[in-house]
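The primary structure of each chain is shown beneath.
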Amino acid sequence: MLKLTPSKKRLILFIIFGWILLILSNQVGDLKLYQGSFVATYALAITSIILLTGYSGQLSLGQSALMAVGAYAGALAIFNVGLHPVIGLFVAALVAGVFGLLLGLIVARLSGPYLAGTTLALAVSLPTLANQFPILGAEEGVPFDVGSAPARFGEDFSQYKWQFWIASLAALIMVWFIANLLTSRYGRTYKALRDNPVAAELSGINVGQVKVGAFAISSGVAGLSGALLAVLISGVSPSAFPLSLSFALLGGAVVTGVYSLKGVILGGLVLVAIPEIADSLVSRIGGSEGFTISLPGFLVSALLILAVVFAPNGPGSLIKRKHHKK
Amino acid sequence: MIRNKSMRRASLVSTIVVTGAMLLSTLPAQAATPGVTATGIKLGISSPLTGSAGLSYGKVPGAMKAYFNYINANGGVYGRKITLVSRDDKYLPVRAATETTNLILKDNVFALVGALGTATHAKAYKAAALAAKNVPDLFVNTGFSGFTNQVKYPTTFMVLPTYAMEAKVIAKAIKDNFPGQPSVLIAQDDEFGTDGVAGFTAAGHKFSAPNVLYPQGYFSTAGRDAAVITSLKGLLAAAPGSKPVIVLFGTTDVTAALLKAATDAGVEKSFTWYAGSVGADANTLLALGVKSTTIDGVVSASFMPDAKDLTDPYVKQFVDINTKYNKDIAFDNYVLAAMNSAMLTVQALRAAGKDLTREGVMSAIETKGAKFASAGLVPLGYSATSRIGYNGYWVSQLNAKGEGKPFGGKLVVYTTDSGAGAVTVSTFVRPTMPKNGIPTNS
Amino acid sequence: MSEFITAVLTSLSSGAIYALMSIALVLVWRSTRVINFAQAGQAVLTTYIGYDIVQKTGSYWIALAGAVISGAVIGAVIDRFFMRPIFKRVNSGPIVMIAPVAATLGLLGIIQALIGFKWGLTNQSIEAPVSTNGIKVLGSAIAFSKFNLLVLVFVSVAVLLLTLLFQRTNIGLALRASAYSPEIARLSGIKVDTVRTLGWAIAGASSGLAGMLYIPGAFLYPNAMDLLLVFGFIAAVIGGLESLFGAVAGAMVLAFAINFATTYISPKLFFPTAFIVLVLVLLVRPAGLFAAKMSRKA
C-alpha cells in the first residue's frame, strides 16, 4: 500500500482539481470562462496576501503595485524582447520577486501602520511611473498577448477558454507550490514570527531574513497574478492596478480567512461575484449612476469590516463556534 | 492550513455552493443572432460616463437612447424596439476592455455603436474578441485612422473624419489664413495625438518648434501646464511681433487646462488658438472654467452644423426630440453628434432588412451607407472597400458666446483622405432629412 | 531667481495643506495608536458637505465653517460608535494587527461609496473665494495666488490655535496626558475615553479644513483626497508621529522636496519624490526627523 503523505495527497488533490477544471471548461460558455479566469487570478493574488499577512504577519497595501511590476515586466518581455508568453509569465514572477526582495529589505523592519502606510505610498506612486518612461506606453500601456490557442486545438477554440487554461494552470501550480511552502518548516517559522517575534528571535530565527524572504516570495506570486490579469484585460496600464485593487484583495483575503490557503478560491469568487451581485441589486431596486458604480466598493468595504469584527479567522471559525454551541 | 475538520469542510462547502450558484445562473441558450428577438434589438456602448472625459462625452449614451426611444415610439425598426446598454469605461483602456467584453458576453448585444476613444477602443476590440465573434462595431466615436484597417478591425465602421484628415485640413487652413506665422502643435501623448502628428507630416506642414506631447494620465498638475506655457512664451520671444498659431490636439479637459494656464499667465491673446474638433466644444470648455474672453476667437474645425443653429432642419428636429425624450439635458454639439449617429444606426438596421443578422447590417452599410441621410455637412465615404464615414471639415471660429460660425463668414467644406491626397473644396449637398427625422429607408 | 521664489512659495502653500492632514493623522495616532486611513474619507465627505452649503448659500466662508464643524462631529462619531466598539471586540489573536488597518480602510471605502450614492461620481468644483490667478509681482505673474496666501494664513492660524490649546489649556494637557500614558491619566481623574473622542474631533476638524482649502484648486470627487492622505501620512512619518511641530515640519520638508524636484529636475517626479523621501527617512532616521524618542514600532 503506497504511503500517502500529506504532500502527496495535496498533489493528487490539485491534479484532480485541475482535471475537473479542464472538463468544466469544455462545458461552459465564454462568459463563465472569462469570469473563471478572473477568479483564478484573484485567488492567486489573495494567496500572496495570505503568505505575507496571514503567515508572516506583514500587512502590506502594496500588492497592486507588485502586480503592476510583474505585469509590466512580463508584457515587456513578450512585446519588446519577443520572448514566448510562458517565459513572459516566468519573467513576471521573477522580476516582481526581485523587486519584492529589494522592497522587503527596505520595509521589513517596519511594522504595523508604518508598513501599511509605506506600502500604501508605494501603491499610489508606482503606477504613475508608467507615465515617466515612454517604453511603458503611459495610459495606453503595453499589450500582454498570450496569443491564441495552438492550431491543433482547432480554429473554434475560444480565446476565453485559452486564457482560462493559462490562468488556471498558472494559479494551480503556484498555489500548490505555496501550499507546500506553508506546511513546511518555513510556514511554521512564519507563524512563529507573526505570533511572537521576540520569542522567535530568541529561538534563533533570523527575523529580518525570514521577513524579507516572505516579502520576496509573496511579491513573486503577486507579480504572476498581475501578469495573468494583464492577459485578461489584454494589456497592462497604470489604471489597471489602482489602490482600490489592493483594498479589494485585502478585503477578499480577510473575508475568506487570511490565515489559511483554503479560502483563496472562495476569496476569488467573492471578488468576482460582488460586482455581479451589485449589478443584479441595481437592476432590482434601480438607482442612479453613482449608486451603480459605487455599490461594489461599498459591499467589499462592508464585508471587510464585518469580517474583521465577526469572523477574524475566516468563515470557518463561525461554523466552529456553532459546532461548539451544540 | 485549516487543521480543524469542520472548518475545512465549511470552506469547501461554501466554495462549492458559490461555484455551483454561478454556474447554474448561466442564461438560457441564446437565439441564433445574439441581441435580436422578434420584438427587440439590443445595442451596446462603452464610453466615459464619469471621469474627466465624462464631462463632455457623458451625455452621449443618453442622447442616443432619446433618439432610439423616439423611433421606438414611431414603430421601431420593422416593429422591433431598440434598447441601448450603456457601460462606463471612464476613458481608460483597461476598463473599456472589460466593459466591452461584458457587453458581448454578459449583455449579449447585437452590435456596438459609438464606441469611444482611440486607445480605449483599440484595446477593447481585441480584448472582447470582436473580430472572432463578428460583432458589428458601428460608427465609432473616434477619428483614429487605424480603425479603417479592415484586416485588424474587420467589423468596424468609422463615422468621424480621421484625425489625419483633420490635420491636413488644419494645415491648409493655417497656410491659407495665417500665412507666415510660426506654429506649434500640442498633441495628446497617445495614438490619437500621434495620428494628428502623422496627418500634419502627410500634409507637409512644418511647425516652427518641436511638437509638445502632452501626457495622457489622470493627473494634470499645474506645473506641467506652466511648463508648456513657458515653452510657448519662448516661441513668442524667438519671433517678436508674430502671433503664433498653437494647434491643440487633445480632449476638452486637456484643451481647457492649457487655455486656462495661458490665461493665468496672461498670454492667451498673444496666440491664435486652433483647437482640434475633439477638444473644442465651447460649452464644455466654459464649464471647465475657461473664460469666455479666451474662447472668443478660437479657431476650430467641424463637419456638423453648430448645435445652436436652429435654422438647420436636422438641428431643429434633434432639439425637439431632445426636449421630449431627454429632459433636463441641455442640447449641445455632443448631443447633436450622438443623435446623428443614432439616426445613422437606425438607417443601417433598416437597410439590413427584416431578417436582421450581423453580416447583413455590415454589408448594408457597405452598399447603401454612403447615401444615408445625416446632419453632416460633408459626404460619407462607406463602400465595399472603405470604412470611412465623414471625410472632410469646414473651418469654424468660436465667439464669446461659444457659438461656432464659419471662419471668415463663408462656409467652405474641404474634403480629403487620410493619406497623401490633396485637400479640395467640396460641392457636396446634404441629403434632405427624412420627414420628422424618422428614416424610412430600406 | 523668480523660479526659486515661485518654488518656495508653492512649497509653503502645498505644505500648509499637507500639514493639516498630517496633524489630523498624528492626533489620531497619538490618542488611539491607529493610522486613520479613513481620514481621507472624512476630509472629502466634509468637503462635499461644504459643496452643498456653497450650492445653497453661495458663500464659501459659511461652507468652510460648516465643513470644519461637521468634520469635528463626524470625527467624534466615528471614534465613539465605530472605533471603540471594534477595539472592544477585537482584542486578541493575530487579527489585532490587521484590525485597525482593515477597519479604517473599510470605513474609507464605505464613506466613498456613500458619497457616490448621494452625490454621484462626476467631478464637482468649489470656487475659491478669492482669485486663483498668479499675483503680479513686478509685471509678471508668479505661480502664487491670493488664494495660496489665504491657505497659508488659515493654516498658520489653525496651527497657532492648536498649539495654544495643547500647551496652555487644561484640555490640551488632558489630551497630551492621555496620549502619553492612558492608565496614569485615568488615575488622575481624566476621562480618557472622552478625551480620545475629542482628539478625533479635532482631527476631523483639521482634515475638514484641509479639504476646503485643497479642493478649490482641484476637482471634487470621492477619491479626491486619497493623495492628500498619502502625503499627510508621509509628512507625519517624516515628522515623527509625535508632535504638532513634527507634523508641520514634516509636511514642509515633504512639500519642499517635491516642489523643488518637480521644478528643477522634472515634473514627472511628483510621486516618486514623495516615496523616496519616505523611504530615506525610514531607513536613516526611522523615528522621524523631529522626534525625541527613538521608537517607532507601534
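Quantities reported herein were computed from a predicted structural model and do not represent experimental measurements.

A.B. asks: Please set out the overall build of chain B residue by residue, giving values where relevant.
C.D. replies: Secondary structure summary: chain B contains 15 helices and 14 strands in total. Here the C-alpha atoms of chain B give a radius of gyration of 23 Å, agreeing with the 22 Å that 2.2 N^0.38 yields for 442 residues. The principal-axis extents of the C-alpha atoms in chain B amount to approximately 80 × 65 × 40 Å. Every one of the 442 residues in chain B was classed for burial, and the buried ones make up 57%. When contacts within chain B are restricted to residue pairs at least 6 apart in sequence, those whose partners lie at least 24 apart make up 72%.

A.B. asks: Tell me what's going on with the pairing of strand S6 (residues 183-188) of chain B, and back it up with residues and numbers.
C.D. replies: Residue and element names in this part refer to chain B. Summarising burial for S6: six of the six residues are buried, a large majority. The side-chain alternation of S6 yields two buried faces, one formed by Ser-183, Leu-185 and Ala-187 and the other by Val-184, Ile-186 and Gln-188. Regarding topology, helix H8 (residues 191-203) serves as the crossover connection from S6 to the parallel strand S7 (residues 212-214), and that connection is right-handed.

A.B. asks: Summarise the interface of chain A and chain C; cite the residues concerned and give the values.
C.D. replies: On the side of chain C, 42 residues touch chain A, which itself brings 45 residues to the contact. Every element with two or more residues in the side of chain A that touches chain C is listed here: helix H5 (112-128), helix H7 (185-195), helix H10 (243-255) and helix H12 (289-310) of chain A. Along the lines of polarity and charge, the residues of the side of chain A that touches chain C split into 27 nonpolar, 15 polar and three charged.

A.B. asks: Tell me about the packing of helix H6 (residues 159-183) of chain A against helix H9 (residues 207-232) of chain A, residues and numbers included.
C.D. replies: Residue and element names in this part refer to chain A. At a minimum axis distance of 10 Å, the contact between H6 and H9 shows a crossing angle of 170 degrees. Comparing their axes, H9 and H6 come out roughly antiparallel. Facing H6, whose interface residues are Gln-163, Ile-166, Ala-167, Ala-170, Met-174 and Ile-178, H9 presents Val-221, Leu-224, Leu-228, Val-231 and Leu-232. Its residues assigned to classes, the contact of H6 with H9 shows ten nonpolar, one polar and no charged.

A.B. asks: Pulling in residues and values, what's your account of the nonpolar core?
C.D. replies: Core analysis: the biggest nonpolar cluster contains 365 residues, and Ala71(A), Tyr67(B), Met339(B), Ile234(C) and Leu254(C) have the highest contact counts within it. If we skip the residues at most four places from it in the chain, Ile234(C) touches Ala121(A), Leu254(C), Ala274(C), Val277(C) and Leu278(C).

A.B. asks: Any details on unusual backbone geometry? Residues and values, ideally.
C.D. replies: For residues that are not glycine, phi is negative in most cases, and the peptide bond is trans in most cases. A positive phi angle, near 55 degrees, is found at Lys90(B), a position not held by glycine. Among the secondary structure elements, Lys90(B) is positioned in the loop between strand S2 (81-88) and helix H4 (93-105). A positive phi angle, close to 55 degrees, is found at Leu241(C), a residue other than glycine. Along the polypeptide, Leu241(C) turns up in the loop between helix H9 (226-239) and helix H10 (244-265).

A.B. asks: Lay out the environment of Leu344(B) in plain terms, naming residues and giving numbers.
C.D. replies: All names here are of chain B. Along the polypeptide, Leu-344 turns up in helix H14 (residues 333-351). The class of Leu-344 is buried, set by 27 C-beta atoms lying within 10 Å. In the structure, Leu-344 is positioned 31 residues away from Ala-375 in sequence and 9.8 Å away in space, judged by C-alpha atoms. Look past the residues within four positions of Leu-344 in its chain and what remains in contact with it is Phe-139, Val-159, Phe-372 and Ser-374.

About the cut-offs
Residues numbered from 1 in each chain as written. Chains lettered and ligands numbered in written order. Predicted model: local features only at pLDDT ≥ 70, side-chain atom pairs only at ≥ 80, totals over all residues. Helix = DSSP H or I, 4+ residues; strand = E, 2+ residues; numbered from the N terminus. Rg over C-alpha atoms; globule rule 2.2 N^0.38 Å. Buried ≥ 20, exposed ≤ 12 C-beta atoms within 10 Å, placed from the backbone. Contact = placed C-beta atoms within 7 Å. Right-handed = clockwise from strand over helix to strand, strands pointing away. Nonpolar A, V, L, I, M, F, W, Y, C, P; charged D, E, K, R; others polar. Axes fitted to C-alpha atoms, helices over the stretch in contact; angles between N-to-C directions. Parallel < 35°, antiparallel > 145°, perpendicular 65-115°, else oblique. Core = buried A, V, L, I, M, F, W, Y, C linked by C-beta atoms within 7 Å.

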